[in-house]
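# Observations on chain architecture
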Amino acid sequence: MKQIRILLADDHTVMRRGLRLLLESHPQFGVVAEASDGRQAVEQAEATEPDVAVLDIAMPNLNGIEAAQRINAALPNTAIVILSMHSDEGYVLRALKAGAKGYLLKDSAEGDLIDAIQSVYDGKTFFSPEITKMLMEDYVREIRTRGADDSYDLLTSREKEILQLLVELKSNKEIAHVLNLSLYTIETHRRNLHEKLNLHSLPELILYAVRKGVTS
Amino acid sequence: MARASRATSSDRVFFRSRFAMAVGFGGLLAIMALAGVDALNVLHQFRRKDDRIRRRYLSQNHVLNDIRSDVYVSGTYVRDYLLEPDTERAGAYRASLEEVRRHMESSLEAYRRDVAPTEAQHYSALQVELRDYWEILDPIVKWDPAERRRSGYAFLRDEVFPRRQNMLELAGRIDALNEQQLDSGNHQVVALLLSFQTRLLLTLLAALALGLGLALFTMRRILNLEEQARLQYVEVAEARSQLKELSARLVQAQETERRSLSRELHDEVGQALSAVLIELRNLSAGLGVRSEEQLRRHVETIKGLVESTVRVVRNMALLLRPSMLDDLGLIPALKWQARECSKSTTMDVTFAAELDSDELPDEYKTCIYRVVQEALHNCARHSHATTVRIRVRQELDRLLLTVQDDGQGFDVQETKGMGLLGIQERVTRLGGKCKVHSQPGRGAILSVELPFTKGNQEENTSAYAHETNSHPVG
């Protein structure tokens, strides 16, 4: 079985060592590089081309989000997981916009890291359960306090299906294949989806789906 | 802007009053100087005229006296000549008589030079009389001693003495006229003095009136200035005491904050870490002794303690300075704040932003963030509001922030809490303005205006980038 090659970047040696020990206890993971700041992380990533880069959000020289942006631009096949202390959606959205596929709270990193790496390696998104829970709660509270319509109800079942697939990071082509529809139809549905939800980027759609509990 | 226009208007007032005072004092001095020059001039005229009148009188008088004494002396010489038997002596008398005649004629000529019109008639009469007198005397010069002895006395009695009397009378009349002249001259001088007196009186009255006006004006100005100075002093004193109070309260607030931080560090973090230490000791003591189940319980306890400690530390760090402000910028930080506030209070907090770019200079971000924080804190504590609306808007040359609640409101004049003072302080430091509109029962609007230009922004963007790159605290 092929090992998943991992880059670990965190400015705290203790944290890095802990994560490395954790990963090395699973034979399917191999830590191929370590970095103690953002710049180094980018360099190491370019040198080793890992399958997954785990980046702490708060690092000197270049923070995790900016490092993610650069790594994503240079190595689109490297999946990125952001490690963060912040459970706020602002950070999550920013991480997604930077190209991260996973967002992990440091508190629960040791429990969820394995799942997160596996998920993003498999091409899916991953969020710490606390994040998902919080986002969903926020959404519910907003609906309740504002008395706003739940825009999710405006979606047709086809659109909901496509939303779910989009959030699983499937391309339009893949979705067309899965649903057995033409690419043109998928594109039209997707435009409607953006329009109805008033969300105009994939990260926002992903966040929305998380809040709605659409993703698994 | 307002200060500048106030300065120019006060400058104008100062300029106007200075101008008025210069004109007033200048006028007063000019009038006084004029009066002085006039007085000197009049005195000079007076003295000259008086002098001239007196000198003329004296010289005419002197000439008349000369003529009179010449008349007498000539009579004496005529008599001595007529009565002198010795031819030689008579010749000497005759010579003397000739001399007197010449002297008299020159005197008469001298008088003629300065004869007054009123005297002209008497003067020409005197002239005729004198000429006749000398003409009468002419023949006797040729008389021989016998003839002189014979008809000399009769000639004296009949011709010389009456004529002499006549002449003396005329001279007396002229003398009287001359005196009259002196008198009228004196009258003229007195009239001159009188007219001068009137003029001087008028001048003095004008000076007095002007001086009085000037004094009133100056007094009013001084009183005004005094009042202004007093008001300014009161203002300054008030501002100073306000500042003092503010700084005292700031120091107090700082102390309170430190105390709560210290307590939190000690009570929460310190205690939890101590507990972790104890549990770890238990754990290491129990290794190999206790069952795995027991050990796991210890580990779980430690995990729980550390987790809660991490939470406490993070909350403290967020309270001190939300790293989000540095990592994500103002708008996400404000959104987060609105969300957090909605979560932790009963208020529904909404946030809307119209910004060209989120990359504001650090001090602006901090200022707006803290102002919103403080305002939300105030709303949560005092207003009983159900909704709070936060808006940030960027205009051409300024940033506008409003925080509006629908709470119970308050009297803006009477209530000035620490929070508002702190907001004002922060806003003023950036050269901005801060206003609160509120009435009891009608909610409150806090509006903040910060001067802000694009150049300002670009200038600071590099600093911002540098900071985000350096080391954001996570």
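Residues numbered from 1 in each chain as written. Chains lettered and ligands numbered in written order. Predicted model: local features only at pLDDT ≥ 70, side-chain atom pairs only at ≥ 80, totals over all residues.

## Examining the overall build of chain B
- Within chain B, the regular secondary structure consists of ten helices and five strands.
- Of the contacts made within chain B by residues no fewer than 6 positions apart, 76% connect residues no fewer than 24 positions apart. (Helix = DSSP H or I, 4+ residues; strand = E, 2+ residues; numbered from the N terminus. Contact = placed C-beta atoms within 7 Å.)

## Topic: the overall build of chain A
- Summing up its helical and strand segments, chain A has ten helices and six strands in all.
- By the burial criterion, 42% of the 216 residues in chain A qualify as buried.
- Long-range contacts, defined here as pairs at least 24 residues apart, represent 63% of the contacts in chain A between residues at least 6 apart. (Buried ≥ 20, exposed ≤ 12 C-beta atoms within 10 Å, placed from the backbone.)

## Describing the pairing of strand β2 (residues 29–35) of chain A
All names here are of chain A.
- With six bridges connecting them, strand β1 (residues 4–9) and β2 associate as parallel partners. Paired with Leu8 across the strands is Glu34, a residue of β2.
- In this fold, the crossover linking β1 to β2 by way of helix α1 (residues 13–24) has right-handed handedness. (Pairing = 2+ DSSP bridges. Right-handed = clockwise from strand over helix to strand, strands pointing away.)

## Overview of the pairing of strand β3 (residues 52–56) of chain A
All names here are of chain A.
- With five of five residues buried, β3 is to be regarded as a mostly interior element.
- The alternating pattern of β3 places Val52, Val54 and Asp56 on one face and Ala53 and Leu55 on the opposite face, and all of these are buried.
- Note: β1 against β3, four bridges, orientation parallel. Directly across from Ile6, in β3, lies its bridge partner Val52.

## Regarding the nonpolar core
- In this structure, Val81 and Ile82 of chain A are the most contacted members of the largest nonpolar core, which totals 98 residues.
- Counting residues in hydrophobic clusters, the runner-up holds 25 residues, among them Tyr81, Leu97, Tyr111 and Leu126 of chain B. (Core = buried A, V, L, I, M, F, W, Y, C linked by C-beta atoms within 7 Å.)

## Some details on the sheet that holds β1 of chain A
All names here are of chain A.
- An order of β2-β1-β3-β4-β5-β6 is seen for the six strands of this open sheet, with the pairing classed as parallel. With one partner strand each, in any of the chains shown, β2 and β6 (126–127) form the two edges of the open sheet.
- Inspection of the sheet shows strand β5 (residues 102–105) paired to β6 by two bridges, in the parallel sense. Looking at β6, one finds that Gly102 is bridged to Phe126.
- The sheet strands contacting helix α5 (residues 109–121) are β1, β2, β3, β4 (79–84), β5 and β6, and the helix crosses β5 at an angle near 175°. (Axes fitted to C-alpha atoms, helices over the stretch in contact; angles between N-to-C directions.)

## Details of the packing of helix α2 (residues 87–113) of chain B against helix α3 (residues 120–137) of chain B
All names here are of chain B.
- At their nearest, the axes of α2 and α3 sit 12 Å apart, and the two run at 165° to each other. Put simply, α2 runs roughly antiparallel to α3. For the element pair α2 and α3, the recorded crossing hand is left-handed. Contacts from Arg101, Met104, Leu108 and Tyr111 of α2 reach α3 at Tyr123, Gln127, Leu130 and Trp134.
- A per-class count over the contact of α2 with α3 returns six nonpolar, one polar and one charged. (Parallel < 35°, antiparallel > 145°, perpendicular 65-115°, else oblique. Left-handed = near helix turned anticlockwise from the far one by under 90°. Nonpolar A, V, L, I, M, F, W, Y, C, P; charged D, E, K, R; others polar.)

## Remarks on the confidence of the model for chain B
All names here are of chain B.
- Of all residues in chain B, 92% attain a pLDDT of 70 or more, and the chain-wide mean is 81.
- When mean pLDDT is taken per element in chain B, strand β2 (residues 387–394) scores highest with 91 and helix α10 (residues 454–470) scores lowest with 42.
- Counting interchain partners and residues more than four positions distant, the pLDDT-below-50 stretch residues 1–5 has zero contacts.
- Counting interchain partners and residues more than four positions distant, the pLDDT-below-50 stretch residues 456–474 has 31 contacts.
- Confidence estimates for the predicted assembly give a pTM of 0.55 and an ipTM of 0.71. (pLDDT = per-residue confidence, 0-100.)

## Section: the sheet that holds strand β1 (residues 348–354) of chain B
All names here are of chain B.
- Strand order in this open sheet of five strands is β1-β2-β3-β5-β4, and the pairing throughout is mixed. Whereas interior strands pair on both sides, the edge strands pair on one side only; in this sheet they are β1 and β4 (433–438). Going across the sheet, the axis of each strand differs from the next one's by a mean of 10°, ignoring polarity.
- Where β2 and strand β3 (residues 398–405) come together, seven bridges link them in antiparallel fashion. Residue Arg393 lies in a different strand from β3, and its bridge partner there is Leu400.
- Relative to the sheet, helix α7 (residues 330–344) contacts β1 and β2, its axis offset from that of β1 by approximately 170°.

## Some details on unusual backbone geometry
All names here are of chain A.
- Its identity is not glycine, yet Asn61 carries a phi of approximately 70°, on the positive side.
- Relative to the helices and strands, Asn61 is located in the loop between β3 and α3 (64–74).
- Given 17 C-beta atoms within a 10 Å radius, Asn61 is considered partly exposed.
- Of note, the phi angle at Asn180 is positive, near 60°, even though the residue is not glycine.
- Relative to the helices and strands, Asn180 is located in the loop between α8 (172–179) and α9 (183–197).

## Re the packing of helix α7 (residues 157–167) of chain A against helix α10 (residues 202–212) of chain A
Residue and element names in this part refer to chain A.
- Where α7 meets α10, the closest approach of the two axes is 9 Å, and the angle between their N-to-C directions is 110°. Put simply, α7 runs roughly perpendicular to α10. Touching Leu163, Leu166 and Val167 of α7 are Leu202, Leu205, Ile206 and Ala209, all from α10.
- Considered class by class, the residues forming the contact of α7 with α10 number seven nonpolar, no polar and no charged.

## Thoughts on the environment of Ala116 of chain A
Residues and elements named next belong to chain A.
- As for its placement among the helices and strands, Ala116 is situated in helix α5.
- According to the C-beta neighbour criterion, Ala116 is buried, with 27 such atoms within 10 Å.
- C-alpha separation for the pair Ala116 and Ile80, spaced 36 residues apart in sequence, amounts to 9.8 Å.
- When residues no more than four places from it in sequence are discounted, the contact partners of Ala116 are Val81, Gly102, Leu104 and Phe126.

## Section: the environment of Glu204 of chain A
Residue and element names in this part refer to chain A.
- Along the chain, the position of Glu204 falls in helix α10.
- Between the C-alpha atom of Glu204 and that of His194, which follows or precedes it by ten residues, the distance is 9.5 Å.
- Look past the residues within four positions of Glu204 in its chain and what remains in contact with it is Leu93 and Leu199.

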